[in-house]
Amino acid sequence: IELELANVEIECVRLEALRLPGAVAGIVSRAVGSLIEFVETASSSCTGNTRLVAMKGQVDEVDLAAATTVAGPAQVIELDVPTFSNRHVVIFERC
């Protein structure tokens, strides 16, 4: 689906391999393993107002607590995805 969004870039690459020209407004990642690894890796592209969004299966509370020490408070939203269980999105508003 082509949405023709002028201010969005889709990159099909691991975050570790992504080379951004500078700070960005938001980073959305799917199939995130560890939240702490995600926020630590993404933090080099954060401005203090960057939103990080991680799509997760089950959220480990210890991992979430560690990630909030780096990226600040997080909102965890449980998703209802047909034929899948334990799906969540984790949003860090200000990285």
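Not measured: the values here are computed from a predicted model.

Trainee: What is the right way to look at helix 1 (residues 35-42) in this model?
Mentor: Structural remark: α-helix, 3.6 residues per turn; residues separated by three or four positions point the same way. Those residues of helix 1 that fall on the buried side of the exposure criterion are Leu 35, Ile 36, Phe 38, Val 39 and Ala 42. All buried residues of helix 1 project into a common sector of 160° when viewed along the axis, lining one side. Looking at the buried residues of helix 1, the elements they touch are strand 1 (26-29), strand 2 (51-56), helix 2 (61-71) and strand 4 (87-92). Here helix 1 starts with a cap whose side-chain oxygen sits 3.4 Å from the backbone nitrogen of Ile 36, and that cap is Ser 34.

Trainee: What exactly am I supposed to notice about the pattern of salt bridges here?
Mentor: Close approach of charged atoms allows side chains of opposite charge to pair. Across all of its chains, the model carries one salt bridge by this definition. Residue Glu 93 is joined to Arg 51 by a salt bridge in which the shortest nitrogen-to-oxygen separation is 2.8 Å. With Glu 93 in the segment after strand 4 and Arg 51 in strand 2, this residue pair connects regions lying 42 residues apart in the sequence. By relative accessible area, Glu 93 is classed as partly exposed at 29%. Overall, the relative accessible area of 41% leaves Arg 51 in the partly exposed class.

Trainee: Looking at this structure, I do not really get the nonpolar core. What am I missing?
Mentor: A general tendency of soluble globular proteins is for nonpolar side chains to be buried together. Grouped together as the largest cluster of nonpolar side chains are 19 residues, with contacts concentrated most on Leu 35, Phe 38, Val 39, Leu 52, Val 90 and Phe 92. Counting residues per element, the ones that place at least two in this core are helix 1, strand 2, helix 2 and strand 4. Element by element, the count of residues in this core is highest for helix 1, at five residues. Leave out the neighbours within four places in its chain, and Val 39 touches Leu 52, Ala 67, Val 70, Ala 71 and Phe 92.

Trainee: Would you mind showing me how to read the pairing of strand 1 here?
Mentor: Along any regular strand the residues' side chains alternate between the sheet's two faces. A one-sided burial pattern is seen for strand 1, the buried positions being Ile 27 and Ser 29 and the unburied ones Gly 26 and Val 28. Pairing analysis gives four bridges linking strand 1 to strand 2, with the strands arranged parallel. Following the sheet pairing, Ile 27 is matched in strand 2 by Leu 52. Viewed along the sheet, the connection from strand 1 through helix 1 into strand 2 turns out right-handed.

Trainee: For this particular structure, what's the right way to read the sheet that holds strand 4?
Mentor: Adjacent strands of a sheet pair through backbone hydrogen bonds, lying either parallel or antiparallel. With mixed pairing, four strands are arranged side by side in an open sheet as 1-2-4-3. Of all strands in the sheet, those bounded by a partner on one side alone are strand 1 and strand 3 (74-79). On average, each strand axis in the sheet is inclined to that of its neighbour by 15°, with strand direction left out of account. When strand 2 meets strand 4, the two strands line up antiparallel, connected through five bridges. Residue pairing for strand 4: Lys 56 is matched across the bridge by His 88. Strands in contact with helix 1 are strand 1, strand 2 and strand 4; relative to strand 2, the strand with the most contacts, it is inclined by about 150°.

What counts as what
Residues numbered from 1 in each chain as written. Predicted model: local features only at pLDDT ≥ 70, side-chain atom pairs only at ≥ 80, totals over all residues. Heavy atoms only, no water. Buried < 20%, exposed > 50% of the residue type's maximum accessible area, 1.4 Å probe, protein only. Helix = DSSP H or I, 4+ residues; strand = E, 2+ residues; numbered from the N terminus. Arc of directions from axis to C-beta. Contact = heavy atoms within 4.5 Å. Polar contact = N/O pair within 3.5 Å; in protein donor to acceptor, adjacent residues only side chain to side chain. Salt bridge = Lys/Arg side-chain N within 4 Å of Asp/Glu carboxyl O. Core = buried A, V, L, I, M, F, W, Y, C linked by side-chain atoms within 4.5 Å. Pairing = 2+ DSSP bridges. Right-handed = clockwise from strand over helix to strand, strands pointing away. Axes fitted to C-alpha atoms, helices over the stretch in contact; angles between N-to-C directions.

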